[in-house]
Amino acid sequence: GAVVSQHPSRVICKSGTSVKIECRSLDFQATTMFWYRQFPKQSLMLMATSNEGSKATYEQGVEKDKFLINHASLTLSTLTVTSAHPEDSSFYICSASRLEDLAKNIQYFGAGTRLSVL
Amino acid sequence: AQKITQTQPGMFVQEKEAVTLDCTYDTSDQSYGLFWYKQPSSGEMIFLIYQGSYDEQNATEGRYSLNFQKARKSANLVISASQLGDSAMYFCAMGPPRSGSARQLTFGSGTQLTVLP
């Protein structure tokens, strides 16, 4: 399957600092990437849809000023958690589709980033 | 709106036996896709299998098969010859109709599968 790289895999930061998470499609171009959040023992919840060259689309209840998304190229989307607080501690995971998979909408996921805010 | 229901929070299976993980869905769309993903303790989401709503045959991928019953709105995952490495969380997911761009998936609550030696 396609390879989606996510970095860092784990980050610990102090409250009030900002954290940037990168999501890269390594062997394909992705005009759209998705960012999900997952709490322990729970399912994935869509946070936002990242569109290359345009503004991200955020799900209801997700603060766009807190979770900044930039999709500057066809292979890279970044999620920046600004002024992180302990309640932002979670598992963040991104996904993307290859062009040839769009008809089926098969999503390939990164390995996720575990964020811990102290 | 689309909804996925997985009623089995946890399942146990003996190594080398088959196991069925249940998934039911609800949608008013005529065209949709159904997916199963595996999430080991490391956290990555691994794509396992896809079934299109208009596919007449059940999808199979190696030891994985999807028992698709459209009238019952169910898409159960069958894992044959379970291996210890199959122990993981399994998510059923649904995607909106085909379009020219990627669309987000809706996930179920997951089933934690434990394979016993």
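Structure's up top.
Here the structure is a predicted model, which means the values were calculated and not measured.

(A) The arrangement of the nonpolar core in detail. Formed by 42 residues in total, the largest nonpolar core has its most connected members in Tyr36(A), Leu44(A), Phe109(A), Leu115(A), Met45(B) and Phe107(B). Per element, the largest residue contribution to this core is five residues, and it comes from strand E9 (residues 90-96) of chain A. Ignoring any residue separated from it by four or fewer positions in sequence, one finds Phe107(B) in contact with Tyr36(A), Ser43(A), Leu44(A), Phe109(A), Ile4(B), Tyr37(B), Met45(B), Phe91(B), Cys92(B) and Ala93(B). Membership of the second largest hydrophobic core comes to 24 residues, among which are Tyr25(B), Leu34(B), Trp36(B) and Leu48(B).

(B) Up close: the pattern of salt bridges. Residue and element names in this part refer to chain A. On inspection of all chains with the given rule, the structure shows six salt bridges over all chains. The shortest N-O distance in the salt bridge between Glu 100 and Arg 98 comes to 3.8 Å. The network of salt bridges with shared partners includes Arg 98, Glu 100 and Asp 101.

(C) The packing of aromatic side chains, seen in detail. For the coordinates displayed, the defined rule picks out 13 aromatic pairs over all chains. Ring geometry for Phe109(A) versus Tyr37(B): centroids 5.2 Å apart, planes at 85 degrees, classification edge-to-face. Taken as a pair, Phe109(A) in strand E10 (residues 108-109) and Tyr37(B) in strand E5 (residues 33-39) lie in two separate chains rather than in one. Both residues of the pair, Phe109(A) and Tyr37(B), count as buried. When the centroid spacing of 5.2 Å and the interplanar angle of 55 degrees are considered together, the rings of Phe35(B) and Tyr50(B) count as tilted. Of this pair, Phe35(B) sits in strand E5 while Tyr50(B) is found in strand E6 (residues 46-52), placing the two residues 15 residues apart along the sequence.

(D) Structural context of the interface of chain A and chain B. At the interface, 21 residues of chain A touch 23 residues of chain B. Between chain A and chain B, a total of about 1800 Å² is buried, with carbon and sulfur atoms accounting for 61% of that surface. Among the residues of chain A in contact with chain B, Leu102(A), Asn105(A) and Phe109(A) are the three that bury the most area, contributing 25% of the side total. Linking chain A with chain B are zero salt bridges, by the criterion used here. At the junction of chain A with chain B, the criterion picks out four residue pairs in polar contact (both at pLDDT 80 or more). Elements represented by at least two residues in the side of chain A that touches chain B include exactly strand E4 (32-38), strand E5 (44-51), E9 and E10 of chain A. For the side of chain A that touches chain B, the element with the most residues is E4(A), which contributes four residues. For the side of chain A that touches chain B, the class distribution of residues is 12 nonpolar, eight polar and one charged.

(E) The arrangement of the state of the cysteines in detail. Throughout the structure, instances matching the rule amount to two disulfides over all chains. Paired by a disulfide, Cys23(A) and Cys94(A) hold their sulfur atoms 2.0 Å apart. Residues Cys23(A) and Cys94(A) are joined through a disulfide that is right-handed, its torsion about the S-S bond being 85 degrees. A residue pair is termed long-range when its members are at least 10 positions apart, and Cys23(A) in strand E3 (residues 19-25) and Cys94(A) in strand E9 qualify at 71 residues. What makes Cys23(A) buried here is its relative accessible area of 0%. In this structure Cys94(A) comes out as buried when scored by relative accessible area, which is 0%. Disulfide pairing places Cys23(B) opposite Cys92(B) at an S-S distance of 2.0 Å.

The rules we used
- Residues numbered from 1 in each chain as written.
- Chains lettered and ligands numbered in written order.
- Predicted model: local features only at pLDDT ≥ 70, side-chain atom pairs only at ≥ 80, totals over all residues.
- Heavy atoms only, no water.
- Core = buried A, V, L, I, M, F, W, Y, C linked by side-chain atoms within 4.5 Å.
- Buried < 20%, exposed > 50% of the residue type's maximum accessible area, 1.4 Å probe, protein only.
- Helix = DSSP H or I, 4+ residues; strand = E, 2+ residues; numbered from the N terminus.
- Contact = heavy atoms within 4.5 Å.
- Salt bridge = Lys/Arg side-chain N within 4 Å of Asp/Glu carboxyl O.
- Phe/Tyr/Trp six-rings, centres within 6.5 Å; stacked < 30°, edge-to-face > 60°.
- Buried area = accessible area lost by both parts, 1.4 Å probe.
- Polar contact = N/O pair within 3.5 Å; in protein donor to acceptor, adjacent residues only side chain to side chain.
- Nonpolar A, V, L, I, M, F, W, Y, C, P; charged D, E, K, R; others polar.
- Disulfide = S-S within 2.5 Å.

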